[in-house]
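Here is how the chains run, residue by residue.
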Amino acid sequence: MTGPLRIERRLDAPGWLKVVVPLASLVLAAIIVAILLLATGHNPLSTYHQMYSAAITADGALSSSFVYATPLLFTGLCAAFAFRMRTWNIGGEGQLYMGAVGASATGLVLGHWPAPLVIIAMVVGGALAGMLWAEIPALLRAYLRTNEILTSLMLNYVAGFVVYYLIYDSGSYWRDLTTPGASVFPTGKTLGPHANWPGITIGSFTLPLGFVLGLGLAVGLFLLVRSTRYGFEMRVMGDAPRAADYSGIRTKRKILSVMAISGGIAGVAGSSQIGDFGHVLDPRGLEQAQYGYTGIVVAALALYNPLAVVLVSLLIGGLTNAGFALEGPSFPTGLVGTMEGIILFTVLGGEILARYRLSWRRRPAPATGTTS
Amino acid sequence: MLDAGDDHTALAAGAGLASSLSGAAPGPRALAVQAIDMTKRFPGVLANDHVSFEAAPGEVHALLGENGAGKTTLCNLLMGLYRPDEGKLFIEGKPARFRSPKDAQDAGIFMVHQHLRLVESMTVAENVVLGAAGARQLRFSPRAVEKAVAEAAARFQMSVDPAARIWQLSLGQRQRVEVLKALCRGARILILDEPTAVLTPQEADQLFSSVRDMAAAGRTVIFISHKLPEVLAVAERVTVLRHGRSVTTVPTAGTGADDLAGLMVGREVSLAPTARVAHEPGPAVLELAGVCARGDLGTEALKDITLQVRAGEILGIAGVSGNGQRELAEVITGLRPTTAGTIRIGGARLAAGGPRAAIDLGVAYVPEDRMGTAIAPDLSIAENLMLKSYRGKARGWGPVLSRRKAIANAQEMMARFDVRAPGPTTLVRQLSGGNIQKVVLARELSCQPRLVVAASPTRGLDVGATQYVRRVLAGTAAAGVGVVMVSEDLDEIFELSDRIAVFYAGRVVGTLKATEADRHRVGLMMAGAT
């Protein structure tokens, strides 16, 4: 309790901190990473240049950064939207899996339809599956007052098992049982050509359709929260739940609908994974990417603002992309992960510093007159 | 209240303790607190502008001022929650630069906040030990602490069972625990922030006598209040704050309430009670028949309540806090389900299923819990003003809300209800208590209600705002609206009510006409006597 380092809440945080702190955190991150790189025998400047080139300037680098940013944009929006009302949907990961299941089902069943209709059906299918999965913790929260953090988190693992079961442990509709390779190692059915989402190409730069969708969603959510009756209710509930009851807001329904939208967005992340990139339901790929959890970090860094989520997802997408480019015999994966971790850690830590004050105590005060 | 003999012996008894403490104080005549030109600026606001005051050891010193006068900021400076931009603070003659409440506590300064900070599931003794500077070395022995608490309680006449759990205690008892906690942890300077807000008149008298005992025992008590009579009753000297400045320090002896009110507000004020116009009440707007309801802990909080309020009438609900008044207000406004009985509003039966039914029947509600229930503190004034009307057609088109209309409406309301704030987009959390209550009244009364339920509508408000709120309630009744006013302040009940219903243990002990009631009788009924 009386350790040398103390953290105190700032009652009067000056305004300039909000600008200076994030910039200073990035600089600090660059310095710490530089020390790390020097210690491991790498040249920081050339590494930074390499990262910059791999994320932005190199051939196809920018497109690739957008590919990494796309799922994070969706899962970031999923978390940011629910968190805005202080409904803690940690289940973006599982909702994304279920969205991928739903989208690949619609894409497979309706694959013979014209491409635009298939794409719409995949978006709807993914969104619906994500919504339904999110309604489980939502119903439990609204009617039984369970903690949605725990239930939505647990359901991530359940969703993971469901996807594994569909591809590895059953003869489900999603599993490829015909091609010769699939009998050696189980895989999902590959979707038909109509289910491949087209990218938007400008010169050498290709923008995934999913990113465009996510961008539209971000603008839509921003407006929804800011200037509609629906968003007003959300803000009241997030700020003062008792005031929401008092003003006649039907808070239970509100939890259900906000969770449905949040889960639906994560579901579309699953659709985009199938339609934009994978074209097949791949449990391992989805699980290793951990887009749902990273989305929570994105939402936190964006301070739950949907428009800021776009920028943050690009930042993290670019970092991830640069990280993959660095990896090699002399540059182990662990080092890349450590670098990314340091950058996120300092930025998040900076946020906390803006709100709290750290001080070193010269000397723990001796216990003075206590209980007589 | 204390006669001279008592005072003398108490002082003598206190002298021993004072000398035992004087080892820490450098000189015998050092002031306990000396604040010189304390200044604290916030963006756009000068919260404390060269505030100075001093309190001698063993003195009860009152800080008097309206809401927003800078009392709370000054205390936060004393407690190390804020750091002063300018000025000096000496505690027992030594310069003090507190970096946190911990530092202030190490120097012997403790504060009892308006909103008590106790762990409800723990016992009194556990709460006393919690966070104590030597908690780790102490090796918590419940029995020893209980004994110490009981001793301190006996010495300062604050009876409380050290083994009781906090949730079992009334608000008044909880406050005693906070005071005991400070005393047991070595408080030499005790700051009490609006301590009587949660007390009955009898409990307040008890507190005052305990405060005098503490002062007699050499403790310095800084008593923050905006209530003139209690400042005159308990303090030796008063420092009046106005607009962030310390106006003057006067001894209470020979000073009248009107003088202090004038200093506090900066002009002559009359403390005349709100005038009520006598008129014939109209038809019943609220009828409760055999209503029962459960409290938060699942126990029966309302037992077979039958009441009637007519248009144009103010029904005062008197009673000691926690006897079902809050539950009554919540039942009428649809926030709490009933377990039996019927509620009719304007002849129509109030359906179960939440506050919206009550709102639609024209029930306005000014809740007791201003910050958490009545408003959303992080939203703007304009947004808080439409908390109940945002669903209406006048607020926008389809799903979209009109910002322009909200601002225009807010400007009109702020002018009509005299809300003082930089503008409609100011966050409500930045307003003073009085202005927040005006925002609540503006919103509730602009919905054209036929019934207003007001729970402790002037709690924590300054003189000016209190008079304003009472005038508005009287005016609302005069306009033909039925008013139910819950209050623990008997003066307020007598000043405004046409009839008074007294609550005890979840029942209506009796209903009296205000003209036929007297304080003594109501006081007895509040204690359960019929």
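In this text, all values refer to a predicted model and were calculated from it rather than measured experimentally.

Caption draft 1: Spatial organisation of the pairing of strand β13 (residues 314-318) of chain B. Residue and element names in this part refer to chain B. Burial analysis of β13 places five of its five residues in the buried class, the great majority of the element. Alternating residues of β13 divide into I314, G316 and A318 and L315 and I317, and every residue in both groups is buried. Bridge analysis of β13 against strand β20 (residues 482-486) gives four bridges, and the strand direction is parallel. Within the sheet, the bridge partner assigned to L315 lies in β20 and is V484. In the sheet, β13 pairs with strand β21 (residues 499-504) via four bridges, with the strands oriented parallel. Residue pairing for β21: L315 is matched across the bridge by R499.

Caption draft 2: Region of interest: helix α8 (residues 201-216) of chain B. Residue and element names in this part refer to chain B. Between its terminal C-alpha atoms α8 stretches 23 Å, which fits the 22 Å expected from 16 residues at 1.5 Å a residue. Residues of α8 that are buried include every one of E203, L207, F208, S210, V211, R212, M214, A215 and A216, and no others. Just past α8, the residue G218 takes up positive phi, approximately 90°.

Caption draft 3: Structural detail: the environment of A329 of chain B. Residue and element names in this part refer to chain B. Mapped onto the fold, A329 is located in helix α11 (residues 325-332). Overall, the presence of 23 C-beta atoms within 10 Å leaves A329 in the buried class. A C-alpha to C-alpha distance of 8.1 Å links A329 and Y365, two positions 36 residues apart in sequence. If we ignore the near neighbours within four places in the chain, the residues touching A329 are Y365, V453, A455 and V486.

Caption draft 4: Geometry of the packing of helix α8 (residues 209-227) of chain A against helix α9 (residues 229-239) of chain A. Residues and elements named next belong to chain A. For the pair α8 and α9, the least separation of the axes is 5 Å and the interaxial angle reads 70°. Relative to α9, α8 is oriented roughly perpendicular. Contact residues: α8 offers L224, V225, R226 and S227, while α9 offers Y230, G231, M234 and R235. Among the residues making up the contact of α8 with α9, the classes are represented as four nonpolar, two polar and two charged.

Caption draft 5: Quick peek at the nonpolar core. In this structure, L77, V236, I265 and V309 of chain A together with V363, V453 and V484 of chain B are the most contacted members of the largest nonpolar core, which totals 182 residues. In terms of residue count, helix α3 (residues 61-84) of chain A provides more of this core than any other element does, 15 residues in total. For this core, the two domains that each supply at least three residues are domain 3 (282-362 + 450-530) and domain 4 (377-448) of chain B. The residues touching V309 of chain A, leaving out its near neighbours within four places in the chain, are L73, G76, L77, A80, A218, V298, A299 and A302 of chain A. Core analysis: the next-biggest nonpolar cluster, separate from the first, contains 72 residues, M38, A62, L64 and A69 of chain B among them.

Caption draft 6: Local environment of the sheet that holds strand β15 (residues 348-349) of chain B. Residues and elements named next belong to chain B. Judged by pairing direction, the sheet is antiparallel, and its four strands sit side by side in the order β12-β11-β14-β15 without closing on themselves. Among the strands making up the open sheet, the edge pair consists of β12 (300-310) and β15. By the bridge criterion, seven bridges tie strand β11 (residues 284-294) to β12 in an arrangement that is antiparallel. Its bridge partner being in β12, E287 is matched across the sheet by Q308. Against the sheet, α11 engages β11, β12 and β14 (340-345), with an angle of about 60° to β12.

Calculation notes
Residues numbered from 1 in each chain as written. Chains lettered and ligands numbered in written order. Predicted model: local features only at pLDDT ≥ 70, side-chain atom pairs only at ≥ 80, totals over all residues. Buried ≥ 20, exposed ≤ 12 C-beta atoms within 10 Å, placed from the backbone. Helix = DSSP H or I, 4+ residues; strand = E, 2+ residues; numbered from the N terminus. Pairing = 2+ DSSP bridges. Expected span 1.5 Å × (residues − 1). Contact = placed C-beta atoms within 7 Å. Axes fitted to C-alpha atoms, helices over the stretch in contact; angles between N-to-C directions. Parallel < 35°, antiparallel > 145°, perpendicular 65-115°, else oblique. Nonpolar A, V, L, I, M, F, W, Y, C, P; charged D, E, K, R; others polar. Core = buried A, V, L, I, M, F, W, Y, C linked by C-beta atoms within 7 Å. Domains from an automatic or database assignment.

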